[in-house]
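The residues making up each chain are set out below.
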Amino acid sequence: MATPLSTTPLFSPSAISPARNRHFCSKIRLDSKHGKSFESNRVQKLNLSKFREPGRQSSRFLQMGSREMSFGRRKLSVEAMDGTGTGTTSTISSKVFATMHLLVSLGIILAADSFLKQAFVAASIKFPSALFGMFCIFSVLMIFDSFVPAAATSLMNFFEPAFLFIQRWLPLFYVPSLVVLPLSVRDIPAASGVKICYIVAGGWLASLCVAGFTAIAVRKMVKTEMTEAEPMAKPSPFSTLELWSWSGIFVVSFVGALFYPTSLGTSARTCLPFLLSSTVLGYIVGTGLPSSIKKVFHPIICCALSAVLAALAFGYASGSGLDPVLGNYLTKVASDPGAGDILMGFLGSVILSFAFSMFKQRKLVKRHAAEIFTSVIVSTVFSLYSTALVGRLVGLEPSLTVSILPRCITVALALSIVSLFEGTNSSLTAAVVVVTGLIGANFVQVVLDKLRLRDPIARGIATASSAHGLGTAALSAKEPEALPFCAIAYALTGIFGSLLCSVPAVRQSLLAVVG
């Protein structure tokens, strides 16, 4: 079997330190009246001597770079150099190589996602293209792991920088739907909005209970002991340099767009840099807030608020108003993208990255397959059909009910699911999914404690099945033992929901329930 990856990626730019990825060739020269010399056969060459003169204490001399210290008649000099001549040069070259590694690995994933999208559109295939790509990647990894384990490990190592990049910025890809929420809900009556909120909040609690208690029931039957899972690599925190860099981009691009509204060809392209940088800045600032504040002011809310305030300030300063600027944020036009289009363009790569996370936890999935698959299947079916039924009972418009069916499925796949139906509001879908995740992120631990669900497997599955990625991030931050189960259930819930809704008979049955 393939050897597990280390928790700190070798080629992650954030993980590189000056002492890492460096081959030193050091030469130490000793000159002494009574000394002896020798050289090691390793990478480092040493000339060491122990010496002592009668009546005097032995002393040493150490020279590193240009510094030299001498005591008496004995002298020890050390000349250290790395492969490029200096430590600074080696550090720079290592960072450049790591950056290139990230760009290449991430570029391959984005290119694969784009190719699959175009191929599926050309072939008129109504199935999430990214999901197909994920299955292909996972299958290749499993085949390599069975016959050439070293190849599977090398493939995982090669794409790990891209995987960590996606994991680090994942919440940011959900934000565009919240930023343009004022535009997407404008035509929805207030009464319908209240009904949607009721379905979202009540549905989250119901799905949490169904997934959690199903996992507990299955665990009592199979009685599988919990073992330690593969360690999950965590992305590094944001640096001050990143904060100031994005701040500089925001100021320069904001002023430039204000005085030259079409300098990049269209208003959407001209507004893209400052809207994108304001979104990123909001996320960086939000993640750095104290935990007590993040409970009520989630980084995603801070992120969306930052982008809306930037749009509002530009609309006021330019005299265009808020709505046109928000329209430039998410244009949904491939030839004229906005900041939101760039961010949502990564959603397909999120699905492709599921293959790597599932492969890494394949032993865990195999050991606890009964609990995981049963809970995910039951919870997903319940979530879809209960949403359709409750929407009909409360009198919600059918088109709105269908739009919020995948409320417990990650945004990337939820949008693919609603695209299989006609007359849906994709912006509402994305907003409902994000709000569901925010509810779970804020209340999941308290509710799980009240329900007396103390088993880490049940807690992880229940959280991910009801609140997808945002709930997963919130729970795993305080309960790391539940993270592997969260990650697996998070991916499998979206996968199974997409597969289920891809079946025409299932879609027809859901529409029949909606009415």
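What counts, and where the lines are drawn
- Residues numbered from 1 in each chain as written.
- Predicted model: local features only at pLDDT ≥ 70, side-chain atom pairs only at ≥ 80, totals over all residues.
- Heavy atoms only, no water.
- Helix = DSSP H or I, 4+ residues; strand = E, 2+ residues; numbered from the N terminus.
- Buried < 20%, exposed > 50% of the residue type's maximum accessible area, 1.4 Å probe, protein only.
- Contact = heavy atoms within 4.5 Å.
- Areas by Shrake-Rupley, 256 points an atom, 1.4 Å probe, with all protein chains shown as cover.
- Axes fitted to C-alpha atoms, helices over the stretch in contact; angles between N-to-C directions.
- Left-handed = near helix turned anticlockwise from the far one by under 90°.
- Nonpolar A, V, L, I, M, F, W, Y, C, P; charged D, E, K, R; others polar.
- Expected span 1.5 Å × (residues − 1).
- Salt bridge = Lys/Arg side-chain N within 4 Å of Asp/Glu carboxyl O.
- Polar contact = N/O pair within 3.5 Å; in protein donor to acceptor, adjacent residues only side chain to side chain.
- Bend = angle between axes of the 7 residues up to and from the residue.
- Core = buried A, V, L, I, M, F, W, Y, C linked by side-chain atoms within 4.5 Å.
- Parallel < 35°, antiparallel > 145°, perpendicular 65-115°, else oblique.

Caption draft 1: Spatial organisation of the overall build of the chain. Within the chain, the secondary structure is distributed over 21 helices and two strands. Counting all 515 residues of the chain, 47% fall into the buried class. A separation of at least 24 residues holds for 72% of the contacts in the chain among residues at least 6 apart in sequence. Of the roughly 24,500 Å² of accessible surface on the chain, a fraction of 66% belongs to carbon and sulfur atoms.

Caption draft 2: Molecular detail of the packing of helix H8 (residues 267-287) against helix H10 (residues 299-318). The N-to-C vectors of H8 and H10 enclose an angle of 145°; their axes lie 7 Å apart at closest approach. Remark: the crossing between H8 and H10 carries right-handed chirality. Across from Cys 271, Phe 274, Leu 275, Ser 278, Thr 279, Gly 282, Tyr 283, Gly 286 and Thr 287 in H8, the residues of H10 making contact are Pro 299, Cys 302, Cys 303, Ser 306, Ala 307, Ala 310, Ala 311 and Phe 314. Among the residues making up the contact of H8 with H10, the classes are represented as eleven nonpolar, six polar and no charged.

Caption draft 3: Inspection of helix H20 (residues 483-501) at higher detail. With 19 residues, H20 should cover 27 Å at 1.5 Å per step; its first-to-last C-alpha distance of 27 Å lies within 8% of that length. Buried residues dominate H20, accounting for 17 of its 19 residues.

Caption draft 4: Here's a closer look at the pattern of salt bridges. Considering all chains together, one arrives at eight salt bridges under this definition. Across the pair Arg 362 and Asp 145 runs a salt bridge, and its minimum N-O distance is 3.3 Å. Remark: Asp 145 occurs in helix H2 (residues 129-147) and Arg 362 occurs in helix H14 (residues 362-367); sequence separation between them is 217 residues. The class for Arg 362 is buried, based on a relative accessible area of 14%. Under the relative-accessibility criterion, Asp 145 is labelled buried at 5%. The residue Arg 269 makes a salt bridge to Asp 336 at a minimum N-O spacing of 3.7 Å. In this pair, Arg 269 is assigned in helix H8 and Asp 336 in the loop between helix H11 (322-329) and helix H12 (339-344), connecting sequence segments 67 residues apart. You can call Arg 269 partly exposed: its relative accessible area is 37%. Put simply, Arg 219, Glu 371 and Asp 455 are held in one network by salt bridges that share partners.

Caption draft 5: A look at the environment of Trp 246. Position of Trp 246 among the secondary structure elements: in helix H7 (residues 240-259). By relative accessible area, Trp 246 is classed as partly exposed at 24%. The contact partners of Trp 246, leaving out residues within four places of it in the chain, are Ser 277, Val 280, Leu 281 and Ile 284.

Caption draft 6: Region of interest: the side chain of Ser 349. With respect to the helices and strands, the residue Ser 349 is situated in helix H13 (residues 347-360). A distance of 2.5 Å separates the side chain of Ser 349 from the backbone oxygen of Phe 346, its partner in a polar contact. Non-local contacts of Ser 349, meaning those with residues more than four positions away in its chain, are made with Ile 109, Leu 110, Asp 113 and Ile 166.

Caption draft 7: Structural detail: H8. Across its 21 residues, H8 extends 30 Å between first and last C-alpha, which sits within 8% of the 30 Å expected from 1.5 Å per residue. Along H8, the sharpest kink reaches roughly 35°, centred on Pro 273. Counting buried positions over the 21 residues of H8 gives 16, a clear majority of the element.

Caption draft 8: Examining the nonpolar core more closely. Among the nonpolar cores identified, the biggest contains 115 residues, and Phe 173, Tyr 174 and Tyr 329 are the most heavily contacted of them. Sequence-distant contacts of Phe 173, that is, excluding residues within four places in its chain, are made with Ile 166, Leu 343, Met 344, Phe 346, Leu 347 and Val 350.

Caption draft 9: Spatial organisation of unusual backbone geometry. In this structure, Ser 124 takes a positive phi of about 55° despite not being glycine. Looking at where Ser 124 falls in the secondary structure, it is placed in the loop between helix H1 (87-122) and H2. Unlike most non-glycine residues, Arg 452 shows phi in positive territory, near 60°. The exposed category is assigned to Arg 452, whose relative accessible area is 64%.

Caption draft 10: Examining the packing of H8 against H11 more closely. In the contact formed by H8 and H11, the axes pass within 9 Å of each other and the chain directions differ by 85°. Between H8 and H11, the angle is such that the two are roughly perpendicular. In this structure, H8 uses Ser 267, Ala 268, Cys 271, Leu 275 and Thr 279 to contact H11, whose residues at the interface are Val 325, Asn 328 and Tyr 329. A breakdown of the residues in the contact of H8 with H11 according to their chemical character gives five nonpolar, three polar and no charged.

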